[in-house]
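# Coordinate analysis (summary)
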Amino acid sequence: MDDHSPKTSEEINFTSGKSNLVEPRMERTSSSFSLASLELLSKYGSRMDRLKGKQLNNTIHHTTCNSSGGQKLSTVEIMKIARSGYINQNSDYLSTLINPFYGDQSSISSKAAEDLELALFLFASAEKVANLEFDCARKLLTMCFHLASPMGNSVQRVVYYFAEALQERIDRQKGITLSESRESNKKWISNLDKSITSVCASTLAYKQELPFVLVIESVGIQAILESVASAKRIHLVDLGLRSGAQWSSLMQAFAVRDECPLEILKITAVGTRSKETIEETGRRLLKFAEGMDLPFLFNLVMVADMKDLNAHLISLDVYEAVVVYSGLLFMNMIPQPGHLENLIKVIKSLRPIVMVVFEVEANTTSPELMDRFIESLLLYSAEFDSFEDCMGRSDPNRLILENYFRGGIRDIIAFEAEERTTWHMKIDGWRAFFKSFGVVETELSMSSLYQAKLVVKSYACGSSCTLDMDGKSLLVGWKGTPMLSVSAWKFHLEEQK
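Residues numbered from 1 in each chain as written. Predicted model: local features only at pLDDT ≥ 70, side-chain atom pairs only at ≥ 80, totals over all residues. Heavy atoms only, no water.

### Some words on the nonpolar core
Counting residues in hydrophobic clusters, the biggest one holds 143 residues, and the most contacted among them are Trp247, Phe330, Phe373 and Trp430. With twelve residues, helix α14 (residues 369-390) is the largest single contributor of residues to this core. In this structure, Phe373 is in contact with Leu122, Phe123, Ala126, Phe162, Leu166 and Ile413, ignoring residues within four places of it in sequence. (Core = buried A, V, L, I, M, F, W, Y, C linked by side-chain atoms within 4.5 Å. Buried < 20%, exposed > 50% of the residue type's maximum accessible area, 1.4 Å probe, protein only. Helix = DSSP H or I, 4+ residues; strand = E, 2+ residues; numbered from the N terminus. Contact = heavy atoms within 4.5 Å.)

Take a look at the structure:
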């Protein structure tokens, strides 16, 4: 990240890691699931009554009934079982949840029992922190740190990072953490974002080992290609350009298009930081276009903040077909609805043929800590479970990636709303928001979905990547837990007059 964002807007034209992991505080000495754990939880924990209900019980029932006997529990399944078991705080009830997986409780694997025990301590800790019972919370967190490890299995890693965030929240609430750390957290998140989204080994490893990014990109590219099938002059506006690697694939598709040959492809990248990185992306795309003899123009528009973007900064030609692409951008503007509304109005003024959007499929906007805790715990559990299945535990790229997600966990759990930079909203929330601006969700074609399935099948771990439709949008997840959404949107013609 550039330490100082530019104070004025400017346009630039081109024509045709190290991980900060903390070692575990203590080595684990016990490997068995004991009733003593439930006794400790009974002493320091209390029932989360407001989380009880038919919906939760149905969730657990669905989880257990869809797993065969002896099947390895996913990290998300561990967390869901622990959540229900903690709510009931009864070892017999917990056994009934485990039995559909393993049959007789005596045959429960020691590792699964340890993971469940650890997850129970995390839930108890979170509730105590939410209730401001910090002394009890610290005792429970001590057990989490004792049993968890940032170098262990996926459950241990997730618990460690969430416990770390809960501990920091206590320190902040009690004034132990200096106030300066609030701004340093935002800078840390931004620096992590820069390192993880640039063209580096960890980013490439993520795309190579896990199908999520490539699925999203393939669906987005197909939606764009279909929208501009009859256009000869195409202008792609990328809000918050990252590595830009997917646009090489788009160029390849245009280069082999026999019908309606392309006259010009223009990409305008809108950025608020990392100017040099975006410029380098532009030069790389230009070189790629030249190699295919594709007419290409790259523009960079830098603004201090997305709220400062206006249509006059983007050079449009009369006969251009405009396409807007937004990847993981809108969620960062959720706490500033006025700025987000202004951005949508700017996009509308560009009269785009289509707007492709992908966001994280989770709701972490609640002011209630327990709501954010549970929602983010399931999201990051799915992410870390995918790492467990597809990458080695000591893989340096995995450690860098997990450290990046550690920053998101810390931001969601340790910080208050006015201090946070990590916000997520599910597709139904975006659907309602866009509707108020006359933005209509459009169907993803069968070809787009077919491309997504082909991508999934090309990965060794692809069978665990799940694709589900929510309305007209595609949800991409891991073992049934949605993680990302990709969607295409159009503005009503009458709204653009």
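After that view, the rundown keeps rolling.
### Focus: helix α6 (residues 134-147)
Taking 1.5 Å per residue, 14 residues should reach 20 Å; α6 reaches 20 Å between its end C-alpha atoms and fits that length. All buried positions along α6 are accounted for by Phe134, Ala137, Leu140, Leu141, Cys144, Phe145, His146 and Leu147. (Expected span 1.5 Å × (residues − 1).)

### What about the pattern of salt bridges?
In total, this model carries 23 salt bridges according to the counting rule given. Here Asp317 makes a salt bridge to Arg233, at a shortest N to O gap of 3.6 Å. Within this pair, whereas Asp317 is found in the loop between β4 (296-302) and β5 (321-327), its partner Arg233 is found in strand β2 (residues 233-239), the two being separated by 84 residues in sequence. For Asp317, a relative accessible area of 37% gives the class partly exposed. Given the relative accessible area of 29%, Arg233 is considered partly exposed. As a salt-bridge pair, Arg398 and Glu388 come within 2.8 Å of each other at their nearest N and O atoms. Of this pair, Arg398 sits in helix α15 (residues 396-414) while Glu388 sits in helix α14; the two residues are ten residues apart in sequence, bridging distant segments of the chain. The pair formed by Arg398 and Glu388 is uniform in burial state, with each residue classed as buried. (Salt bridge = Lys/Arg side-chain N within 4 Å of Asp/Glu carboxyl O.)

### With respect to the packing of aromatic side chains
This structure, assessed with the given rule, holds 22 aromatic pairs. Seen from their ring centres, Phe123 and Phe373 are 5.5 Å apart, and the 90 degrees between their planes marks the pair as edge-to-face. Here Phe123, found in helix α5 (residues 110-130), pairs with Phe373, found in helix α14; they are 250 residues apart in sequence, far enough to count as distant. Phe373 matches Phe123 in its accessibility class, with the two residues each being buried. Judged by centre distance (6.0 Å) and plane angle (25 degrees), the ring pair of Trp430 and Phe434 falls under stacked. (Phe/Tyr/Trp six-rings, centres within 6.5 Å; stacked < 30°, edge-to-face > 60°.)

### Overview of the side chain of Arg372
Structurally, the position occupied by Arg372 is in helix α14. It is Glu416 that comes nearest to the buried, bridge-free Arg372 among opposite-charge side chains, at 5.2 Å. Of the polar contacts made by the side chain of Arg372, one reaches the backbone oxygen of Pro367; its length is 3.4 Å. Excluding residues within four positions of it along the chain, Arg372 makes contact with Arg169, Thr364, Ser366, Pro367, Ile412, Ile413, Phe415 and Arg420. (Lys, Arg positive; Asp, Glu negative; His and termini not counted. Polar contact = N/O pair within 3.5 Å; in protein donor to acceptor, adjacent residues only side chain to side chain.)

### With respect to the confidence of the model for the protein
Per-residue pLDDT for the protein has a mean of 83; in total, 76% of the residues score no lower than 70. A low-confidence stretch, residues 1-33 stays under pLDDT 50, and its non-local contacts, those more than four residues away or across chains, total 94 contacts. Throughout residues 47-70 the model reports pLDDT below 50, and contacts reaching past four residues in sequence, or to other chains, amount to 41 contacts. (pLDDT = per-residue confidence, 0-100.)

### Examining the pairing of β2
Burial analysis of β2 places six of its seven residues in the buried class, which makes it a mostly covered element. Sheet topology places β2 next to strand β3 (residues 264-271); seven bridges connect them, and they run parallel. Looking at the pairing, His235 lines up with Lys266 of β3. Both β2 and β5 contribute to a ladder of six bridges, which runs parallel. By the bridge assignment, His235 is partnered in β5 with Val322. (Pairing = 2+ DSSP bridges.)

### Structural notes on unusual backbone geometry
With phi around 65 degrees, Leu132 is a residue other than glycine that occupies positive phi space. Position of Leu132 relative to the elements: it lies in the loop between α5 and α6. Positive phi, close to 55 degrees, is recorded for Ser274, a residue that is not glycine. Within the element layout of this structure, Ser274 appears in the loop between β3 and α12 (275-291).

### A word on helix α10 (residues 212-227)
Relative to the 22 Å expected for 16 residues at 1.5 Å per residue, α10 spans 23 Å between its end C-alpha atoms, a close match to the ideal helical length. Most of α10 is tucked away, with 13 of its 16 residues classed as buried.

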